[in-house]
Amino acid sequence: MVAQTGFHVALVGATGAVGQQMLKTLEERDFPISKLSLLSSKRSAGKKIQFKGQELTVEEATPEAFEGVQLALFSAGGSVSKALAPEAVKRGAIVVDNTSAYRMDPEVPLVVPEVNEEDVRNHKGIIANPNCSTIQMVVALEPLRQKYGMKKVVVSTYQAVSGAGLEAIEEMKDQSKAILEGKEFTPEVLPVSGDKKHYQIAFNAVPQIDLFQDNGYTFEEMKMINETKKIMHQDDLEVAATCVRLPVETGHSESVYVEVEKGGADVAEIKDLLATAPGVTLEDDPSNQVYPLASNCVGKNDVFIGRIRKDLDRDNGYHMWVVSDNLLKGAAWNSVQIAESLVKLELLK
Ligand code: NAP
Ligand code: 3JM
């Protein structure tokens, strides 16, 4: 037992890049936990992990491991969620799923609390956490959409390797070292561990995140496009995305172009709007070279916005630079925020 009062929580994928941040976030937020079950594959079962000064033993994720669990946070890949999330729900748990397995299921709410917190009320056992790149973008866009209406979004991402897991971080570090020492290396993980070819990530920029779809877009790009419309409940929003992996350890950056319905607002008005928006920190002072940097966002929960400019040709077009810790707001913090919403709305029993 970790604390006297609270919920029985299970963390599936506890030993991974996201799982580790989940643990930190649950600890920092002092989320009410009476028992914490740390679950992983057979490989890590038996491993010891510290939580709030106590040593917990990792167990293999099996259907029976969810007996008595009230809240299950999943981040162990889509196939694990497909196999085990229904088992957790069957045993009475509410699942917050960090994978793409259920995001576009019409029965499953897809939630970013700053945008559509109330959607959690419609859950039937599973609530999906959106893709990291989608989350930080919708936090930045929603205040503009609320005030001016929104027609079109064009985004290019500059994504960190930690979004592809612990193995990808290792690969980037090992490759960087090999290149600097003039040694041979063989790419084995990135851009996608399960794809046919692998490319160098160190000192490179790779325009493929997740697998290619028949329409020429990658799955990561299609996640951004489809998830944004679902979270905002706006099917007619035009969204285009290009997703690129960079040799940055943590912190996704995005160049976002947006066209609103009602144009005319100047940059000062947009800055005022975003400066007070929930979950946003404005860092925008070009004369003093102030703008968001991936290296500065690490370990912070907010979405950082800067470089706000009006389009030079369109009175309803704006450009901005949006940066956030992909493992926190992009994954662990957004999931724990959803869990906190469930507690606040008295949906977790
Ligand atoms: P990671 O560092 O590779 O960790 C993978 C985790 O999943 C480990 O704890 C691993 O346990 C566990 N796992 C693997 N196979 C399993 C199985 N068969 N049964 C139970 N557990 C298993 O990856 P990560 O970066 O933490 O990402 C994990 C998942 O979270 C991703 O696959 C993705 O679906 C999701 N994710 C979502 C976002 C987002 O944008 N919201 C961002 C990143 C990741 P072992 O230690 O036993 O191998
Ligand atoms: C981020 O099932 C898998 O292989 C996981 C792939 C993955 C995903 C996903 O599709 O769930 C890796 C990293 C994500 C995500 O959040 O969309």
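Treat the numbers as computed from the prediction; the structure is a model and nothing was measured.

A. The arrangement of the pairing of strand S14 (residues 317–324) in detail. For S14, the tally of buried residues reaches 6 of 8 residues, placing the bulk of the element in the interior. Pairing between strand S11 (residues 252–260) and S14: 8 bridges, direction antiparallel. Its bridge partner being in S14, valine 258 is matched across the sheet by tyrosine 318. The antiparallel hairpin formed by strand S13 (residues 303–310) and S14 contains 6 residues in its connecting segment.

B. Local environment of the sheet that holds strand S10 (residues 238–245). Within the open sheet, the 6 strands sit side by side as S10-S9-S11-S14-S13-S12. Their pairing is mixed. Every other strand in the sheet has two partners, leaving S10 and strand S12 (280–282) as the edge strands with one partner each. Averaged over all adjacent pairs, the angle separating strand axes in this sheet is 25 degrees, with direction ignored. Strands in contact with helix H6 (residues 219–232) are strand S9 (150–159), S10 and S11; relative to S10, the strand with the most contacts, it is inclined by about 145 degrees.

C. Structural context of the side chain of serine 133. Relative to the assigned elements, serine 133 resides in helix H4 (residues 132–148). Looking at serine 133, its side chain comes within polar contact range of the side chain of glutamine 159, at 3.1 Å. Contacts of serine 133, omitting those with residues within four sequence positions, involve Thr157, Gln159, Glu220, Met224, His252 and Glu254.

The rules we used
- Residues numbered from 1 in each chain as written.
- Chains lettered and ligands numbered in written order.
- Predicted model: local features only at pLDDT ≥ 70, side-chain atom pairs only at ≥ 80, totals over all residues.
- Heavy atoms only, no water.
- Buried < 20%, exposed > 50% of the residue type's maximum accessible area, 1.4 Å probe, protein only.
- Helix = DSSP H or I, 4+ residues; strand = E, 2+ residues; numbered from the N terminus.
- Pairing = 2+ DSSP bridges.
- Axes fitted to C-alpha atoms, helices over the stretch in contact; angles between N-to-C directions.
- Contact = heavy atoms within 4.5 Å.
- Polar contact = N/O pair within 3.5 Å; in protein donor to acceptor, adjacent residues only side chain to side chain.

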